[in-house]
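Chain by chain, the residues run as shown.
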Amino acid sequence: MLAVVPPPVTVRVPAKVNLHLAVSDLREDGYHELVTVFQALSLTDEVTVMATEEPGIEVYGEGEGSVPTGANNLAWRAAQALAAHVGKPGAEAKVRIVLRKGIPVAGGMAGGSADAAATLVGLASLWKLDVTRDELAELAAGLGSDVPFALYGGTALGTGRGEQLVPVLARHTFHWVLAFDQRGLSTPRVFGELDRLRAEGKPPRIGSHTPVVEALASGDPRQLALLLGNDLQAAAVSLRPGLRRTLRAGVNAGALAGTVSGSGPTCAFLCADAQSAVEVAAELSGAGVCRTVRVAHGPVPGARLVGGDDAPRSAPPRVHA
Ligand SMILES: C[C@](O)(CO)[C@H](O)COP(=O)(O)OP(=O)(O)OC[C@H]1O[C@@H](n2ccc(N)nc2=O)[C@H](O)[C@@H]1O
Ligand SMILES: Nc1ncnc2c1ncn2[C@@H]1O[C@H](COP(=O)(O)OP(=O)(O)OP(=O)(O)O)[C@@H](O)[C@H]1O
């Protein structure tokens, strides 16, 4: 009798930008307590999982040469964690994972985290598991601080080390231009640089997230633009001084404001509308300050089956407005 092999499952998953990232001091466990407002963008990776006798990882697209294809790929770790969680340890050894990357590697846009979240959703479908998105989010938090947000998407307030999420109401769509740098930056290195800068002096800290949440509810990009803030920006710029020029070039090109995304080095520029974003992108491309320019909008949903309906079965958490 022929064994029935389930068809491959493909999941699309968004990048994130931090509209607000307030970093507190180093905790004893090596993480920093933080308060952040995430937004999921239409810049995505696609992850296909399939049952196979030839397990492994294939990577195509953005930074394909710099992404590990072994057990240290975050997507593989997600597969291992899910298999163990549902009492099928080792089941990942019969899976092939294909990553089609649009999110820059080590770019501060949570690309690896996105792939891990997509793998959890894809394998839950491939293995026909009865798991809720909230259950996947608990597993996700063990894989990395940014992984839970990639599952939910939208716009959210993140606390703890960034893994505790509450949705935030964002009216309308915001339009972004993203400037990818020549090389990535290591997230722990950027946090370390912030600790060093703080030990030396007092780089200013951004204020409360409340005005950002209010601006999101108003839907006015001009109001939001005045409030973008990131405590890691000084550290990313200290390690990559050229980012100062990139940030200036985006605003000179007509963006309302620019910020380093998360730990960088990608710079994200908020624009007045879709047309303005296209114009800013065109001008920034010619300015010679970055490797690649992309236009994106947000918020968009988190990891979703392509062509399928996998709406979370849990009630969404309370809206924070
Ligand atoms: C910078 C952000 O992208 C903002 O959303 C995240 O805080 C980073 O999230 P991530 O890449 O998923 O980070 P993790 O894989 O959890 O942690 C990688 C390393 O970053 C540092 N790290 C991360 C998160 C956090 N709240 N404090 C930290 O100090 C730690 O050195 C940690 O060992
Ligand atoms: N699936 C993956 N995609 C990209 N990088 C991966 C993946 N798995 C492991 N890595 C490793 O993780 C490092 C960080 O990659 P990633 O693209 O997630 O960074 P990032 O976007 O800056 O992360 P964050 O914004 O969450 O701090 C890479 O340099 C790479 O060595």
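Rules used in this analysis
Residues numbered from 1 in each chain as written. Chains lettered and ligands numbered in written order. Predicted model: local features only at pLDDT ≥ 70, side-chain atom pairs only at ≥ 80, totals over all residues. UniProt positions renumbered as here; feature names shortened; annotations may be inferred. Near = placed C-beta within 6 Å. Helix = DSSP H or I, 4+ residues; strand = E, 2+ residues; numbered from the N terminus. Nonpolar A, V, L, I, M, F, W, Y, C, P; charged D, E, K, R; others polar. Pairing = 2+ DSSP bridges. Axes fitted to C-alpha atoms, helices over the stretch in contact; angles between N-to-C directions. Contact = placed C-beta atoms within 7 Å. Buried ≥ 20, exposed ≤ 12 C-beta atoms within 10 Å, placed from the backbone.

The protein chain goes by 4-diphosphocytidyl-2-C-methyl-D-erythritol kinase in an unreviewed UniProt entry, where it is assigned to Amycolatopsis samaneae. Under Catalytic activity (unreviewed entry), UniProt gives the following word-for-word description of the protein chain: "4-CDP-2-C-methyl-D-erythritol + ATP = 4-CDP-2-C-methyl-D-erythritol 2-phosphate + ADP + H(+)". Here the protein chain is described in UniProt, under the heading Pathway (unreviewed entry), as follows: "Isoprenoid biosynthesis; isopentenyl diphosphate biosynthesis via DXP pathway; isopentenyl diphosphate from 1-deoxy-D-xylulose 5-phosphate: step 3/6."

**Q** How do you make sense of the site of ligand 2 when you look at a structure like this?
**A** In the vicinity of ligand 2 there are 21 residues, among which Ala110, Gly111, Gly112, Asp115 and Thr187 approach most closely. Broken down by secondary-structure element, the contributors of at least two residues to the shell around ligand 2 are helix H1 (74-85) and helix H2 (111-126). Here the element with the most residues in the shell around ligand 2 is H2; it accounts for 4 residues. Residue composition of the shell around ligand 2, by class: 9 nonpolar, 10 polar and 2 charged.

**Q** Hey, could you run me through the site of ligand 1 in this one?
**A** Looking at ligand 1, there are 19 residues lining it, with Gly144, Ser145, Arg161, Pro188 and Gly262 nearest. When contributions to the shell around ligand 1 are tallied by element, the ones reaching two or more residues are strand E1 (9-26), strand E2 (32-51) and helix H5 (187-200). A per-class count over the shell around ligand 1 returns 6 nonpolar, 11 polar and 2 charged.

**Q** Explain the sheet that holds strand E7 (residues 174-180) here, please?
**A** The pairing of strands in a sheet comes from backbone hydrogen bonds and takes either a parallel or an antiparallel form. Ordered by their spatial adjacency, 4 strands build an open sheet running E9-E10-E7-E11, and the pairing between neighbours is antiparallel. The sheet is open, and its two edges are formed by strand E9 (257-260) and strand E11 (292-298), each paired on a single side. Going from strand to strand, the sheet's axes swing by 25° on average, the running direction of each strand aside. Two strands pair when backbone bridges link them, and E9 and strand E10 (residues 267-271) are joined in this way by 4 bridges, in the antiparallel orientation. For Thr259, the partnering residue across the bridge sits in E10 and is Ala268. Contacting E7, E10 and E11, helix H10 (residues 274-285) runs over the sheet at an angle of about 15° to E7.

**Q** Help me out: how do you make sense of the environment of Ala249 in this one?
**A** You can see Ala249 is positioned in helix H9 (residues 243-252). Residue Ala249 is classed as buried on the basis of its 22 C-beta neighbours within 10 Å. Distance in space between the C-alpha atoms of Ala249 and Val289 is 7.5 Å, their sequence separation being 40 residues. Look past the residues within four positions of Ala249 in its chain and what remains in contact with it is Leu284, Ala287 and Val289.

**Q** Honestly, the UniProt feature "binding site: ATP" (unreviewed entry) in the protein chain in this entry has me stumped. Any pointers?
**A** According to UniProt, the positions carrying the feature "binding site: ATP" (unreviewed entry) are Pro104, Val105, Ala106, Gly107, Gly108, Met109, Ala110, Gly111, Gly112, Ser113 and Ala114. Mapped onto the fold, Ala106 is located in the loop between strand E4 (95-101) and H2. Apart from residues no more than four positions distant in its own chain, Ala106 is found in contact with Gly184, Leu185 and Ser186. Inspection of the secondary structure puts Ala110 in the loop between E4 and H2. Non-local contacts of Ala110, meaning those with residues more than four positions away in its chain, are made with Ala15, Lys16, Asp146, Ala150 and Gly262.

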